[in-house]
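Chain residues, written in single-letter form:
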Amino acid sequence: MINITFPDGAVRQFEAGVSALDIAKSISEGLARKVLAASVNGEVWDATRPIYTDTSLKLLTWDDTDGKSTFWHSSAHLMAEAVESLFPGVKFWVGPAIDKGFYYDMDLGDRKLTEEDLAALEKKMNELAKQNNAYVRKEMPKAEAVKYFEEKGDEYKLDLLQNLQDGSITFYTQGHFTDLCRGPHIPGTGAIKAIKLTSIAGAYWKGDEKNKQLTRIYGVTFPNQKELDEYLAMLEEAKKRDHRKLGKELGIFTMDDDIGQGLPLWMPNGTVIIEELEKLAKETEEEAGYKRVVTPHIAKENLYLTSGHLPYYADSMFPPMELDNTKYYLKAMNCPHHHKIFSAEPKSYKDLPLRLAEYGTCYRYEQSGELFGLMRVRCLHMNDAHIYCTKEQFAQEFRAVNDMYLKYFKIFGIDKYVMRLSLHDPAKLGQKYINEPELWLQTEQMVREVLIETGTPFVEVAGEGAFYGPKIDVQIWSVIGREFTLATNQVDFAQGRRFNLEYTTSDNGTDVPLIIHRAPLGTHERFIGFLLEQYAGKFPVWLSPLQVKILPISDKFMGYAEEVKQALRKAKVRVDIDDRNEKIGKKIREAELSRVPYMLVIGEKEMNDRALSVRRQGKGDAGTVSLEAFVSQIKEEIEERRATQD
RNA sequence: GCCGCUUUAGCUCAGCUGGUAGAGCAACUGAUUUGUAAUCAGUAGGUCGUUGGUUCGAUUCCGACAAGCGGCUCCA
């Protein structure tokens, strides 16, 4: 007999060789039907795998993350079985569960998959699922496994085997499909009740673009149809919040073939948002002791040779223009320009820290396939600044930058974020990273210490640093689940020396400043793209392109409406009148759809009382107030940059 | 850049197997003077992404290119 300890601390005895599924059955049939896998001493196992020793056990169901991913991994195998039955000769690479669903990479030879193939595969998967075939685990010596795949001529699985230890080779079979797999899997295919194959994509073998491109099929499955329907409905909802769709609907930005790929045109409404953001940044930076500068959009080749950017990033810069035997590049970053401002005048330690800020326009030749709405563009406006400081000042400056990030996050209601400390990869020193092994370690440690000291939550990622130093990327998630780097904060120990930046120390020596590159609001493009999705186009009043729309009941009240407009305009409120000859219902509908935060309905009563009937976007009629009260109230809301619509 | 898909009026979308296109909304004109999410009527609007080819004839079939979308790779 063995002792099984349950999550609630209860201990029960079972025969050695009992499986988690047997245990579930001993509790209730209903539970047994729901069990997908089991956590056995913290390791996820097949629910059907026999247990021979005392263990702590947690039964995993659809409600557990590990239960879900086991379910999806098994779904990937089910899909592979369907693919193999429809397209014999296919060779498989790997098929993991992902955040939402699963995929499987495969080599289909010359065959191209179409949407119809996906439908056929779904059908086949449903058939196979109904057979409720068990997922059967089998251990095998490595030599035998190698032989099996050699006979099959499967170079992909042989490649996988190379990295596996003998004795750890396991296979799983369900129905007519057998796959090299470490598992675990759900008990049987019958649990998979709702299947949706979502897309076909190319994916480089081992993620390396020099390798062959395999076919990847993405899918998602659920234990019942209802959850699939809900998931699909959620995707539809997310589409409505997509910044590309909202950006068009709300007149924020547009793209045009004649301008070029990845080069957004900011329309009047978008420009209002840009200017409000810049105003915020300028105020914030001024308070924090930054000085503003302005630099040209182009510079000579030599500047980027000095900075060290060219050898690393020439491919991502627009090709140079040649004039008078000199090459000029469009700037892809502002730092070298700022360094030149630093060195234009001699500096002493008394000048430090020097903080130079600019909303700099940069151009990056991103590969065409990478472009994505406003999130990835070729012309961008960076909330950039460079802080030149001594080593002693570093921690404090770095902390101040951190605080600025947090201040902004609060204003915009960003509560889900992760600071990602990106380090260098020692193997790539001299290629991807400046060859200064000592300085790398030293600087990384400095940054790490500040993060720990300030209690900032962070994760470390190797091999993601900038070429001149470690960086902190702020990862955020838009409400529709898209993850990206919003802002970046980098330490640079290399460029100071490359540009011969110096300052006179208090003992009349010279030293090279450390440089902090920071961009808490990222770029206008990405930030506004994010905000569009975050707010679903319903911007807080201070950011809203149009803040108030006056809706007269009929043109009899135009005189008073005009008076209201002038009063608001005088208070610096962005206001407009819907003077069309339309019924009030239609004016309200269209104002609501345009996401204007305040609608003021004006008719006979309001005119006589010098009042306004206020309607809040998305919230309906908010009652009647006097003109004076409304003006002072909205003015306050704007000045405070109030985050939420109350 | 690579793989796959898509491209018809300002927007959203119809258009069977080739015979040069249609709806709703928007726009414009007129009537209506309206009380909290669409008043009615009329008018105008498209070299069917661009460009080659097949054909008596191409929005429709084939190719190239461009842009967009979903991924991969990349992201200072």
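What counts, and where the lines are drawn
Residues numbered from 1 in each chain as written. Chains lettered and ligands numbered in written order. Predicted model: local features only at pLDDT ≥ 70, side-chain atom pairs only at ≥ 80, totals over all residues. Heavy atoms only, no water. UniProt positions renumbered as here; feature names shortened; annotations may be inferred. Helix = DSSP H or I, 4+ residues; strand = E, 2+ residues; numbered from the N terminus. Polar contact = N/O pair within 3.5 Å; in protein donor to acceptor, adjacent residues only side chain to side chain. Core = buried A, V, L, I, M, F, W, Y, C linked by side-chain atoms within 4.5 Å. Buried < 20%, exposed > 50% of the residue type's maximum accessible area, 1.4 Å probe, protein only. Domains from an automatic or database assignment. Contact = heavy atoms within 4.5 Å. Near = heavy atom within 4 Å. Nonpolar A, V, L, I, M, F, W, Y, C, P; charged D, E, K, R; others polar. Pairing = 2+ DSSP bridges. Axes fitted to C-alpha atoms, helices over the stretch in contact; angles between N-to-C directions.

- Under an unreviewed UniProt entry, the name given to chain A is Threonine--tRNA ligase, and the organism recorded is Deminuibacter soli.
- Per UniProt, chain A has the following entry under Subunit (unreviewed entry): "Homodimer."
- Per UniProt, chain A has the following entry under Sequence similarities (unreviewed entry): "Belongs to the class-II aminoacyl-tRNA synthetase family."

### Let's talk about the UniProt feature "binding site: Zn(2+)" (unreviewed entry) in chain A
Inference 1: The positions that UniProt labels "binding site: Zn(2+)" (unreviewed entry) are, in the present scheme, Cys 335, His 386 and His 517. Taken together, the annotated residues stretch across 183 residues yet fold into one region, lying no more than 7.7 Å apart by C-alpha.
Inference 2: Residue placement: His 517 occurs in strand E30 (residues 514-519).
Inference 3: A polar side-chain atom of His 517 sits 3.1 Å from a polar atom in the side chain of His 386.

### Regarding the nonpolar core
Inference 1: If you look at the biggest cluster of nonpolar residues, it comprises 85 residues, and the most contacted ones within it are Phe 412, Val 548 and Leu 568.
Inference 2: If you tally residues by element for this core, the top one is helix H13 (residues 391-411), at eight residues.
Inference 3: Both domain 3 (253-535) and domain 4 (548-639) contribute no fewer than three residues apiece to this core.
Inference 4: Once residues within four sequence positions are removed from consideration, Val 548 is found in contact with Leu 568, Val 573, Arg 574, Val 575, Asp 576, Val 596, Tyr 598, Leu 600, Phe 630 and Ile 634.

### A look at the UniProt feature "coiled-coil region" (unreviewed entry) in chain A
Inference 1: In this structure's numbering, the residues bearing the UniProt feature "coiled-coil region" (unreviewed entry) are residues 111-138.
Inference 2: As a span, residues 111-138 carries 57% helix and 11% strand, and end to end its C-alpha atoms are 32 Å apart.

### Side note on the protein's contact with RNA strand B
Inference 1: Taken together, 55 residues lie near RNA strand B, and Gln 213, Ser 316, Glu 370, Asn 581 and Ser 613 sit nearest.
Inference 2: Backbone atoms, meaning sugar plus phosphate, form 49% of the atoms of RNA strand B positioned within 4 Å of the protein.
Inference 3: The contact in question runs from a base nitrogen of RNA strand B to an N or O atom on the side chain of Tyr 204, over 2.4 Å.
Inference 4: Gln 261 places a polar side-chain atom, nitrogen or oxygen, 2.6 Å from a phosphate oxygen of RNA strand B.
Inference 5: Of all elements in the fold, only strand E14 (194-204), strand E15 (213-222), helix H8 (243-249), helix H18 (584-593), helix H19 (604-609) and strand E34 (611-616) reach the threshold of two or more residues within the surface near RNA strand B.
Inference 6: Sorting elements by how many residues they give to the surface near RNA strand B places H18 first, with eight residues.
Inference 7: Of the residues that constitute the surface near RNA strand B, the class distribution is 16 nonpolar, 15 polar and 24 charged.

### A closer look at the domain arrangement of chain A
Where interface size is quoted, it is often the accessible area lost as the parts come together.
Inference 1: On domain assignment, one finds that chain A holds domain 1 (2-61), domain 2 (66-233), domain 3 (253-535) and domain 4 (548-639).
Inference 2: Here the C-alpha centroids of domain 3 and domain 4 sit 42 Å apart.

### A closer look at the sheet that holds strand E13 (residues 177-180)
Inference 1: With respect to topology, three strands assemble into an open sheet ordered E11-E12-E13, the strand pairing being antiparallel. Only two strands of the sheet have a single neighbouring strand rather than two, namely strand E11 (136-139) and E13. Sheet twist, expressed as the mean angle between neighbouring strand axes with direction ignored, is 25 degrees.
Inference 2: Summarising the sheet, E11 and strand E12 (residues 170-174) pair through four bridges and their orientation is antiparallel. In the strand pairing of E12, Lys 138 is matched with Phe 171.
Inference 3: Packed onto the sheet, helix H3 (residues 65-86) meets E12 and E13 and runs at close to 125 degrees relative to E13.

### Describing the sheet that holds strand E32 (residues 575-577)
Across a sheet, strands are paired by hydrogen bonds formed along the backbone, either parallel or antiparallel in direction.
Inference 1: Taken in spatial order, the five strands make up an open sheet running E32-E31-E33-E34-E35, and their pairing is mixed. Of all strands in the sheet, those with a lone pairing partner are E32 and strand E35 (620-626), marking the two edges. Here the strands of the sheet are splayed against their neighbours by 25 degrees on average, with no regard to which way each runs.
Inference 2: Note that strand E33 (residues 598-602) and E34 share four bridges and pair antiparallel. From the neighbouring strand, Leu 600 faces E34, where its bridge partner is Val 614.
Inference 3: Each of strand E31 (548-552), E33 and E34 is contacted by H18, which is oriented at about 170 degrees to E31, the strand it contacts most.
Inference 4: Against the sheet, helix H20 (residues 627-639) engages E31, E33, E34 and E35, with an angle of about 115 degrees to E35.

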